[in-house]
Amino acid sequence: MEQVKLLGNYTSPFNRRVIWALKLKGVPFEFMQEDLYNNKSELLLKSNPVYKKIPVLIHNGKPISESTVILEYIEETWPENPLLPLDPHERATARFWIKFIEDKIPIMFAFFLSIPGEEQDKAIKDWLEVLRTIEEHGLKEDKKFFGGANIGLTDLVFGFLAYQSEPMEEIVGVKLMETHSFPRLHTWAENFKSVSVIKENLPDQDRLKAHIKWRKEMLIGSAHPR
Ligand SMILES: N[C@@H](CCC(=O)N[C@@H](CS)C(=O)NCC(=O)O)C(=O)O
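Residues numbered from 1 in each chain as written. Predicted model: local features only at pLDDT ≥ 70, side-chain atom pairs only at ≥ 80, totals over all residues. Heavy atoms only, no water.

(A) Region of interest: the side chain of Ser-67. As for its placement among the helices and strands, Ser-67 is situated in helix α3 (residues 67-77). Of the residues examined, Ser-67 reaches a relative accessible area of 5% and is grouped as buried. Non-local contacts of Ser-67, meaning those with residues more than four positions away in its chain, are made with Phe-14, Arg-17, Val-18 and Pro-55. (Helix = DSSP H or I, 4+ residues; strand = E, 2+ residues; numbered from the N terminus. Buried < 20%, exposed > 50% of the residue type's maximum accessible area, 1.4 Å probe, protein only. Contact = heavy atoms within 4.5 Å.)

(B) Seen up close, the pattern of salt bridges. Under the defined criterion, the tally for this structure stands at 10 salt bridges. Measuring nitrogen to oxygen at the nearest pair gives 3.9 Å for the salt bridge that ties Arg-132 to Glu-136. Note that Arg-132 and Glu-136 are positioned in helix α5 (residues 118-138) at a spacing of four residues, about one turn of the helix. (Salt bridge = Lys/Arg side-chain N within 4 Å of Asp/Glu carboxyl O.)

(C) Molecular detail of a nonpolar patch on the surface. Taken together, the side chains of Tyr-37, Trp-214 and Met-218 present a nonpolar region at the surface, about 270 Å² in accessible area. As for its placement among the helices and strands, Met-218 is situated in helix α9 (residues 205-223). (Patch = residues over 30% accessible without salt bridge, like charges linked within 9 Å, V, L, I, M, F, W, Y side chains within 5 Å. Areas by Shrake-Rupley, 256 points an atom, 1.4 Å probe, with all protein chains shown as cover.)

(D) Summary view of the layout of surface pockets. The space that makes up the largest pocket amounts to roughly 770 Å³. Taken together, 28 residues line the largest pocket, and the ones lying closest to its centre are Ser-12, Pro-13, Phe-14, Lys-53 and Phe-109. When residues of the lining of the largest pocket are traced back to their parent elements, those giving at least two are α1 (13-25), α4 (88-113), α6 (153-172) and α9. Considering each element in turn, the lining of the largest pocket owes the most residues, five residues, to α4. Tallied by class, residues from the lining of the largest pocket come to 15 nonpolar, seven polar and six charged. There are two domains that each give the lining of the largest pocket at least three residues, and those are domain 1 (4-77) and domain 2 (88-223). Along the walls of the second largest pocket sit 24 residues, with Pro-85, Glu-90, Phe-146, Gly-147 and Gly-148 positioned nearest its centre. For the lining of the second largest pocket, the element with the highest residue contribution is α4, accounting for five residues. Of the residues contributing to the lining of the second largest pocket, the split by class is 10 nonpolar, 10 polar and four charged. (1 Å grid on protein atoms, 1.4 Å probe; cavity = no way out; pocket = protein on both sides within 12 Å on 5 of 7 lines; lining within 4 Å. Points joined across faces, edges and corners; volume = space filled by probe spheres on them. Nonpolar A, V, L, I, M, F, W, Y, C, P; charged D, E, K, R; others polar. Domains from an automatic or database assignment.)

(E) Main features of the site of the ligand. Neighbouring the ligand are the residues Ser-12, Phe-14, Leu-36, Lys-40, Lys-53, Ile-54, Pro-55, Glu-66 and Ser-67. Within the contact set of the ligand, a nitrogen atom lies 2.8 Å away from a side-chain nitrogen or oxygen of Glu-66. Protein chains shield 76% of the accessible area of the ligand, which is 520 Å² for the free molecule. Applying the majority rule of atoms within 2 Å of the grid points places the ligand in the largest pocket. Taken together, the residues of the shell around the ligand sort by class into four nonpolar, two polar and three charged. (Near = heavy atom within 4 Å. Polar contact = N/O pair within 3.5 Å; in protein donor to acceptor, adjacent residues only side chain to side chain. Sits in = over half its atoms within 2 Å of the grid points.)

Structure follows, in structure tokens:
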């Protein structure tokens, strides 16, 4: 009998991609919530000794770290309900966009952690450029998802944009993803959230907002100790 464990954290966007992939594949798993800030488990420290971060998928006792690596592992191990296209060029395109957003995560963080002033103006400009690139080059008007008619790994990796942008922008106090400026991103986010597995496995918005607000205060506090 297969044993699948996921070491994760409820509010982590990296963790959520893995939950969605396992659920879309119909793979039963045991979720183990990690206390990342006070008390990481021995199992986490042993399973991801390099980064000591979640998510970690443990399949029949063997750990796999890094969410996008885990997603590829899931796709290879449980090929049913494919989440990558068959065509090599389409697969390469899916991976291009996955790499694109992974590389831009520090830009999103800079925007999220910014406080009003010159630095924030630059962070807004940089993050807007990322959103504009996704709008103009990543999403196509005639396609429901990144790869076409069906949800795939690229959508799962971009998924945090569909549910985390609003609380994040509210906390920063700057609205960027206006419907009129990013119509494709909005349509994609609605399509994404209307997939039943996604809808049923979104984090609670109040809990998420409280967490990211606390996280921002904590990170800014430690960056600028008083
Ligand atoms: N690149 C990693 C990022 C994972 C990550 O940043 N995890 C955070 C939670 S959102 C974590 O475990 N933080 C604990 C720490 O930094 O000690 C991935 O895609 O899995």
